[in-house]
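Structural features, examined
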Amino acid sequence: MSSDFASLGLSEPIWRAAAERGYTTPTPIQAQAIPAVLSGVDLLAGAQTGTGKTAAFAMPILHQLAATAATAFHGPSSVRALILVPTRELAAQVEESVQLYGKNLSLRSLILIGGVKINPQMQKLRRSVDVLVATPGRLLDHIQQRSVDLSHVEILVLDEADRMLDMGFIRDIRRILAILPKKRQNLLFSATFSPEIRTLADGLLHNPVSVEVASRNATADTVAQRFYAVDQERKRELLTHLIREDQWHQVLVFTRTKHGADRLAKHLSQDGMQAMAIHGNKSQGARTRALAEFKEGKVRVLVATDIAARGIDISELPHVVNFELPHVPEDYVHRIGRTGRAGNNGQAVSLVSVDERKQLADVEKLLKRSFAKEIVAGFEPRQHFPSHQPAAQARRPSTPGAQRRAPNRPAAGGNRFRERPKTSA
Ligand code: AMP
């Protein structure tokens, strides 16, 4: 067995575990971050999910911990590496990766998340932990209960730091940072770099090495992005149509609200599709179950709010749909980052109604490009976006018998908002 991971400096048990999973070539973020983390410096990494960022910190952390394991016992409840993540789902995935790459080592990992009973966690914390993966709120509960000892933390990771700030975790994070030992290695991963992230990084990291894959706020180029102009009240019908016509078997749909997610999942179920919703009001058990059934293919459509879906990793997820565009344009990048991962091709479809033109403009501004808007025959919107390509340049729908209303010509032309009919394959 051979692996390019060995040449990055990782020990055999770690690269062998990756190779057994089929990973022998590091992704760009791994190639840059792994040697840096192994050298012991602080790291500022710009990488979104789908780039292989989890292994980029998990593998070298395991390497470091294994190298000094014999001399590093600090007593019960003590933690050597702390990985903070914004959501429960992401915590589960990160811990799975730690288990995966650490399977040939005898290191102990543990996950601490909210939404489940605290007592079993306290029980598990009686033994020392090499890698602790936690969401900030539940970790603070344990700190208050004195069930965890963070005074020997050697490595700290803030994963998806931008999401943690978006979710209002900054004060929790600062409270956790305050009780960590001063001397430690810090790794900060973020998909986007707002001034708030910069401030956090400046205070946290000492002479960090910066690595970045894909330019900031860029979307993976393996994701085909399509925008369908449609009236708000016909979106559900169009979604059903697209899922059926194009035979999508596994599709993650984003809505803006929990209520909207529930309603849409219910309607899709009524339309005869196996659909489930996940959002913050659902119990952890229900969320985990829905995700598992979706991964197994028992649930065809998973409807999620941004917070619930953050960090969801489903390999080769082929379709992501924005039922509504997000209010925060960065969320668009996060949402469509669920598809086209690690080199797989994916498709991100956004259903946009004219009242979402501001959100669309924000996304276009962030990504520094404009998108053609397509019209699906039979779903022509009553209202058009402010400016679009003249009708003469629009392609005719290929669906037999489909009627396409002549679009209203705008007073001023321009192709910023081009519209073209979707040609059904
Ligand atoms: P992440 O960005 O950490 O969410 O990882 C995205 C996906 O890429 C996950 O499904 C990983 O298991 C997968 N992955 C991570 N490293 C590699 C690699 N070197 N080669 C191929 N796939 C990988």
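Residues numbered from 1 in each chain as written. Predicted model: local features only at pLDDT ≥ 70, side-chain atom pairs only at ≥ 80, totals over all residues. Heavy atoms only, no water.

Right, let's talk about the packing of aromatic side chains for a bit. Enumeration according to the criterion identifies 3 aromatic pairs in this entry. Consider the rings of F227 and Y332, whose centres lie 6.0 Å apart with planes at 25 degrees: the pair is stacked. Highlighted residues: F227 in strand β8 (residues 223-229) and Y332 in helix α15 (residues 329-336), separated in sequence by 105 residues. As far as the burial class goes, F227 and Y332 line up, both buried. (Phe/Tyr/Trp six-rings, centres within 6.5 Å; stacked < 30°, edge-to-face > 60°. Helix = DSSP H or I, 4+ residues; strand = E, 2+ residues; numbered from the N terminus. Buried < 20%, exposed > 50% of the residue type's maximum accessible area, 1.4 Å probe, protein only.)

Buried residues of helix α10 (residues 195-204): I197, L200, A201 and L204, and no others. Mapping the buried residues of α10 onto a view down its axis gives an arc of 95 degrees, with all of them on the same face. With respect to the buried face of α10, the exposed residues turned more than 90 degrees away are P195, D202 and G203. Lining the buried residues of α10 we find β1 (43-46), β5 (155-158), α8 (161-166), α9 (170-178) and β6 (185-190). (Arc of directions from axis to C-beta. Contact = heavy atoms within 4.5 Å.)

Interhelical geometry of helix α7 (residues 136-145) versus α9 gives an angle of 40 degrees and a closest axis separation of 10 Å. Comparing the axis directions of α7 and α9 gives the class oblique. Helix-helix and strand crossings are classified by hand; for α7 and α9 the assignment is left-handed. Here P136, G137, L139, L140, I143 and Q144 of α7 lie close against α9, whose contacting residues are D172, R175 and I176. (Axes fitted to C-alpha atoms, helices over the stretch in contact; angles between N-to-C directions. Parallel < 35°, antiparallel > 145°, perpendicular 65-115°, else oblique. Left-handed = near helix turned anticlockwise from the far one by under 90°.)

The next thing to look at is the side chain of H142. Along the chain, H142 falls in helix α7. Judged by relative accessible area, H142 falls into the buried class, the value being 0%. Contact partners of H142, with chain neighbours within four places excluded, come to L112, I118, Q121, M122, L125, S147 and V148.

Right, let's get into the sheet that holds β5. Pairing is parallel across the open sheet formed by 7 strands, whose spatial order is β3-β4-β2-β5-β6-β1-β7. Of all strands in the sheet, those with a lone pairing partner are β3 (109-112) and β7 (209-212), marking the two edges. Going across the sheet, the axis of each strand differs from the next one's by a mean of 15 degrees, ignoring polarity. In terms of strand pairing, strand β2 (residues 79-84) meets strand β4 (residues 129-134) through 5 bridges, oriented parallel. Paired with L82 across the strands is L132, a residue of β4. (Pairing = 2+ DSSP bridges.)

Quick look at unusual backbone geometry now. Backbone geometry places S77, a non-glycine residue, at a positive phi of 70 degrees. Locating S77 in the fold gives a position in the loop between α4 (53-67) and β2. Owing to a relative accessible area of 16%, S77 belongs among the buried residues under this scheme. Residue R146 is not a glycine yet carries a positive backbone phi of 60 degrees. By secondary structure assignment, the location of R146 is in the loop between α7 and β5. For R146, a relative accessible area of 75% translates into the label exposed.

Here A286 shows up in helix α13 (residues 284-296). A relative accessible area of 19% means that A286 is categorised as buried. Taking the C-alpha atoms as reference, A286 lies 9.9 Å from M276; in sequence the two are 10 residues apart.

Under the local residue numbering, the UniProt record ascribes the feature "short sequence motif: Q motif" (unreviewed entry) to residues 3-31. Taken end to end, residues 3-31 is 59% helix and 0% strand, and its two terminal C-alpha atoms sit 12 Å from one another. (UniProt positions renumbered as here; feature names shortened; annotations may be inferred.)

Ranked by size, the top nonpolar core spans 43 residues in total, and within it L43, F57, M59, I83 and L187 carry the most contacts. Excluding residues within four positions of it along the chain, F57 makes contact with I83, V94, V157, D159, L187 and F189. Ranked by size, the runner-up nonpolar core spans 32 residues in total, among them L125, L132, F193 and I197. (Core = buried A, V, L, I, M, F, W, Y, C linked by side-chain atoms within 4.5 Å.)

Take α13 next. Its 13 residues place the ends of α13 18 Å apart at the C-alpha level, agreeing with the 18 Å of an ideal helix rising 1.5 Å per residue. For α13, the complete set of buried residues consists of Q284, A286, R287, A290, L291 and F294. Within α13, the buried residues cover an arc of 165 degrees as seen down the axis, which keeps them to one side. In α13, those exposed residues whose orientation departs by more than 90 degrees from the buried face are R289 and E296. Once α13 ends, the next one or two residues include G297, with phi positive near 90 degrees. (Expected span 1.5 Å × (residues − 1).)

What follows covers the pattern of salt bridges. Oppositely charged side chains may form a pair once their charged atoms are brought near each other. Applying the stated rule across the entire model yields 21 salt bridges. One salt bridge connects K53 with E160, and the closest N-O pair in it is separated by 3.3 Å. Taken together, the positions of K53 in helix α4 and E160 in the loop between β5 and α8 put the pair 107 residues apart, joining distant regions of the chain. Each member of the pair, K53 as well as E160, carries the same accessibility label: buried. The shortest N-O distance in the salt bridge between E296 and K298 comes to 3.0 Å. Since its relative accessible area comes to 53%, E296 is described here as exposed. Under the relative-accessibility criterion, K298 is labelled exposed at 52%. Through salt bridges that share partners, E12, R16, E20 and K103 make up one connected network. (Salt bridge = Lys/Arg side-chain N within 4 Å of Asp/Glu carboxyl O.)

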